[in-house]
Amino acid sequence: MEIKIGIQNIGREIVLESAQDADAVATVVEEAITKGTELRLKDDKGRIIIVPGNALGYVEIGAEEARKVGFGQF
């Protein structure tokens, strides 16, 4: 699933693909915001993204769907 992270006072957002489910990501984000701890997410390539919880502007969690390949409409 695609996850977009907006950071306060930064014009660009962080976009990553993750194998984690939406509920797990939402739980981690909520904890980082309420406790002021760092947000740690792992992307589908195994990289870890760390963002300070107090710097988060928004987190957009995309729908879980399979990627479409090819030119035809299905």
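This section reports on the structure supplied with the text. (Residues numbered from 1 in each chain as written. Predicted model: local features only at pLDDT ≥ 70, side-chain atom pairs only at ≥ 80, totals over all residues. Heavy atoms only, no water.)

1. Some remarks on the pattern of salt bridges
A full pass over the atoms with the stated rule returns two salt bridges. With a shortest N-O distance of 2.6 Å, E38 and R40 are connected by a salt bridge. What makes E38 partly exposed here is its relative accessible area of 39%. Here D43 ties to R47 by a salt bridge, and the two come within 2.8 Å at their closest N and O atoms. Among the residues examined, D43 registers a relative accessible area of 7% and is labelled buried. (Salt bridge = Lys/Arg side-chain N within 4 Å of Asp/Glu carboxyl O. Buried < 20%, exposed > 50% of the residue type's maximum accessible area, 1.4 Å probe, protein only.)

2. Some remarks on the sheet that holds strand β2 (residues 14-17)
Strand order in the open sheet formed by three strands is β2-β1-β5, with antiparallel pairing between adjacent strands. The open sheet is flanked by β2 and β5 (56-61), the only strands paired with a single partner. If you compare each strand with its neighbour and ignore which way they point, the axes differ by 15° on average. As paired strands, strand β1 (residues 2-7) and β5 are joined by five bridges and run antiparallel to one another. For G6, the partnering residue across the bridge sits in β5 and is Y58. Its contacts with the sheet put helix α1 (residues 22-35) on β1 and β5, and the angle it makes with β5 is roughly 170°. (Pairing = 2+ DSSP bridges. Helix = DSSP H or I, 4+ residues; strand = E, 2+ residues; numbered from the N terminus. Axes fitted to C-alpha atoms, helices over the stretch in contact; angles between N-to-C directions. Contact = heavy atoms within 4.5 Å.)

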